[in-house]
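Examining the three-dimensional arrangement
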Amino acid sequence: MCGIFGVVSSNAVTGTLLSGLQKLEYRGYDSAGLSVITNNNVIKRIRCSGKVSDLRSLVKKSNLTGRCGIAHTRWATHGVPSTKNSHPHSSGIISIVHNGIIENYDELKSKLKKQRYKFLSDTDSEVIAHLIHSFLSKKKTYFDAVVAALKTLKGSYALGILNEKNPDTLIAASHGSPLLLGISRNENFISSDVNAVLSKTKKYISMDDSEIAVLNKSEVNIFGLNGRKIKKPVSTSIQKGNSINKAGYNHYMQKEIYEQKNIIKNTINDKVGSTRILPNVFGPQSDSMLKSIKHIHFVACGTSFNAALVAKNWIEEVSNISCVAEIASEFRHRKVNVLKDTLYVAISQSGETADTIYSTKKAAALGYKKILSICNVPESSLTRLSDYTFLTHAGPEISVASTKAFTSQLISLLLLVCILSRSSGKKIEPTIVKQMKTLPKILTKVFSLEKEMQQIAKHFTNKHHTLFLGRGASYPIALEAALKLKEISYIHAEGYAAGELKHGPLALVDKDMPVIGLMPENNLVDQVLSNLAEVKARQGLVYIFTNKKLKFKRGDKTHLVSMPSCGHFIAPLVYVIPMQLLAYHVAVKKKTNIDQPRNLAKSVTVE
Ligand code: G6P
């Protein structure tokens, strides 16, 4: 899942390439590179392991200039992050950038080696450059050579291609990896996402599978692999493309944690009436569609999957709808039986996660009643595949560790829960609405716990493992808490359904194992308390987050964090925030790269 950017223009492109690439860095940040066709019609390439800022320094020293170029920021799949494995990859007059995975690269590599091609990297991508070159040497035209190469590839690709002999042309191709074309006057672009072109143009065309585009500075033409021209609509982005900054916070993650209160408040103000959710907030006629739903299948990855697990708890509690939440990478590869009147719901911050996209394409062919997506990015691949879309309006999330996307998904899902509760006859909607409206005040109190989290964080910096326990809707919050801690502080952390403790993880507990119990006051508190007693009996260090009034004896080795009182339905939104703050402050103390943790990327566009 890398970022690709390219431009062909009547002006010099190096600066544009670097600033476009910078906006795509969330897709991968272990190495970066660019190729430019210079004014003497030769391709010059600069690459490095490290970030776009490192590439920028190298480019600055080089005086590189030209009017057609491609750039890439990498998240390594094949081959370690290093200069030789950085894109662009070259073969004689050809230079390419690639996002995706070429599944038959080994077989192609052997064939190309027999034709005396020398491989200088460990990547799967390098075969593409040699393949195009080899078809060119068989006297094919440039376009035909690219098509022949694409037909030989198995796997997924978004590609930007340069050819020294066609210095005013940029070729792009896409199959199973997102790519769009930015359309402007006297310059045209290719980009992995629309944000990276917004400072130049709002007009864009999304590429679909098995399409190839030929761009010059004044024209963009799209073809199928059969060579036939395809007419595609030009969209106008509704996104603002403002420059994003940390607004005085030390990290994007910290800023995004603090943005949550307003995002939640805005969603409530926009979508919730005095006792009911406003009509059709999930799209035209969505209320009547939702009325007929008997089953729900949630599909998502990572943090978005944890949001789905919370929603499953809520929905089955308030309605007669049966609900399954499934990880997209599992769903996409298994046989799925779809019951009549099942709604498929994909949850994704980016709307570009490969497994979620593939699953949603699969769902479209499976006989679900409708496809609903809950997504933060308008105009993303996911929204284009959905019958109904609910935009979470959390604003761009930059930190790789997701925070505001999660709570904005939860509040959106709570709207869905209210609507679905109507057919059960339980009349629970006014109660949930009332609780939702208390959230902004309660969140102010939760944020006042930050100092305490900072203190507690000190206890974790020298720990190697942590367990988070919860029951009911707090179990997915325990999963999310563990995910946050491991992602940014590199402490091994697990979230467990508290009742599962004695089926295995209790064996890990000793005096060095912190165990955090998430215990909003509800009918499950006593059971979680018994589980934590089992931890204490084995010298484990216990931290309890609860709004129940509990008293412990002196020397009881239990750290109690008093949470503000909150209604049962909003508890997951309230309890996840101290978990985010705790993970953040542990990472601050461990001096990790909080916004761009090692080995990860914000948008996972490969399987
Ligand atoms: C990556 C991100 C996570 C995110 C997951 C799913 O792993 O680092 O923060 O939860 O992808 O992403 P999505 O955009 O589909 O919600």
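Residues numbered from 1 in each chain as written. Predicted model: local features only at pLDDT ≥ 70, side-chain atom pairs only at ≥ 80, totals over all residues. Heavy atoms only, no water.

**Some words on the site of the ligand**
By nearness alone, 13 residues border the ligand, and S304, S348, Q349, S350 and T353 come closest of all. Note that an oxygen atom of the ligand is positioned 3.0 Å from one of the backbone N or O atoms of T303. The separation between an oxygen atom of the ligand and a polar side-chain atom of S350 is 2.6 Å. If the ligand stood free it would expose 390 Å²; the protein chains cover 89% of that surface. Taking a 2 Å distance to the grid points as the criterion, the majority of the atoms of the ligand fall inside the second largest pocket. No other element matches the three residues that helix α8 (residues 302-318) contributes to the shell around the ligand. Here the shell around the ligand is composed, by residue class, of four nonpolar, eight polar and one charged. (Near = heavy atom within 4 Å. Polar contact = N/O pair within 3.5 Å; in protein donor to acceptor, adjacent residues only side chain to side chain. Areas by Shrake-Rupley, 256 points an atom, 1.4 Å probe, with all protein chains shown as cover. 1 Å grid on protein atoms, 1.4 Å probe; cavity = no way out; pocket = protein on both sides within 12 Å on 5 of 7 lines; lining within 4 Å. Sits in = over half its atoms within 2 Å of the grid points. Helix = DSSP H or I, 4+ residues; strand = E, 2+ residues; numbered from the N terminus. Nonpolar A, V, L, I, M, F, W, Y, C, P; charged D, E, K, R; others polar.)

**Description of the environment of K369**
Topologically, K369 is positioned in the loop between α10 (354-364) and β19 (370-375). Here K369 falls in the partly exposed class, since its relative accessible area comes to 35%. K369 sits 79 residues away from L290 along the chain, and the two C-alpha atoms are 9.9 Å apart. Beyond its immediate chain neighbours, meaning those up to four positions away, K369 contacts S292, I293, D341 and T342. Looking at K369, its side chain comes within polar contact range of the side chain of D341, at 3.4 Å. (Buried < 20%, exposed > 50% of the residue type's maximum accessible area, 1.4 Å probe, protein only. Contact = heavy atoms within 4.5 Å.)

**Some words on the layout of surface pockets**
Taken as a whole, the second largest pocket spans an internal volume of roughly 790 Å³. In terms of lining, the second largest pocket is formed by 37 residues, of which the most central are C301, G302, T303, L483 and E487. Sorting the residues of the lining of the second largest pocket by element identifies α8, β18 (342-348), α10, α12 (404-421), α15 (474-489) and β22 (492-497) as the ones contributing at least two each. Broken down by element, the residue count for the lining of the second largest pocket peaks at six residues, all from α15. Counted by class, the lining of the second largest pocket contains 16 nonpolar, 13 polar and eight charged residues. Residue assignment places the lining of the second largest pocket across two domains, with domain 2 (249-437) and domain 3 (443-607) each supplying three or more. (Points joined across faces, edges and corners; volume = space filled by probe spheres on them. Domains from an automatic or database assignment.)

**A short note on empty space enclosed by the protein**
A complete count under the given rule lists two cavities of 30 Å³ or more for this structure. Estimated volume of the largest cavity: approximately 70 Å³. Forming the walls of the largest cavity are 13 residues, and the residues nearest its centre are C2, T77, H87, D124 and S125. Of the residues that constitute the lining of the largest cavity, the class distribution is three nonpolar, eight polar and two charged.

**Observations regarding the domain arrangement of the protein chain**
With domains assigned, the protein chain is organised as domain 1 (3-236), domain 2 (249-437) and domain 3 (443-607). Once you take the C-alpha centre of each, domain 1 and domain 2 turn out to be 35 Å apart. Taken together, the contact between domain 1 and domain 2 spans seven residues of the former and six residues of the latter. Taking both sides of the interface into account, the surface hidden between domain 1 and domain 2 amounts to around 590 Å²; carbon and sulfur atoms contribute 45%. (Buried area = accessible area lost by both parts, 1.4 Å probe.)

**Some details on the pairing of β22**
Taken together, the six bridges between strand β21 (residues 465-470) and β22 define a ladder with parallel strand orientation. In the sheet register, L469 faces β22, and the bridge partner there is Y496. (Pairing = 2+ DSSP bridges.)

**Quick word on the packing of aromatic side chains**
For the structure shown, the criterion picks out eight aromatic pairs. Residues F331 and Y344 carry aromatic rings whose centres are separated by 5.7 Å and whose planes lie at 55° to one another, so their mutual orientation is tilted. Residue F331 is found in helix α9 (residues 328-331), and its partner Y344 is found in strand β18; the two are separated by 13 residues along the sequence. The same class applies to F331 as to Y344, namely buried. Summarising the aromatic geometry, the rings of F460 and Y543 are spaced 5.4 Å apart at their centres and angled 45° between planes, so their arrangement reads as tilted. Here the residue F460 occupies a position in the loop between α14 (450-457) and β21, and Y543 occupies one in strand β24 (residues 541-546), the gap between them amounting to 83 residues. Across the pair, exposure class does not vary: F460 and Y543 are buried alike. Positioned above the aromatic ring of F135 is the side chain of K138, whose terminal nitrogen or guanidinium carbon lies 5.1 Å from the ring centre. One Lys or Arg, R598, reaches over the ring of Y490 and ends 3.8 Å from the middle of that ring. (Phe/Tyr/Trp six-rings, centres within 6.5 Å; stacked < 30°, edge-to-face > 60°. Lys NZ or Arg CZ within 6 Å of the ring centre and 35° of its normal.)

**As for the sheet that holds strand β14 (residues 229-230)**
With respect to topology, seven strands assemble into an open sheet ordered β5-β6-β7-β8-β12-β13-β14, the strand pairing being antiparallel. Looking at strand neighbours, the two that pair on one side only are β5 (89-91) and β14, the edges of this open sheet. Strands in contact with helix α4 (residues 126-137) are β5, β6 (94-99) and β7 (157-163); relative to β6, the strand with the most contacts, it is inclined by about 140°. Relative to β7, helix α5 (residues 142-152) is tilted by about 150°, and along the sheet it contacts β6, β7, β8 (170-175), β12 (211-216) and β13 (219-224). (Axes fitted to C-alpha atoms, helices over the stretch in contact; angles between N-to-C directions.)

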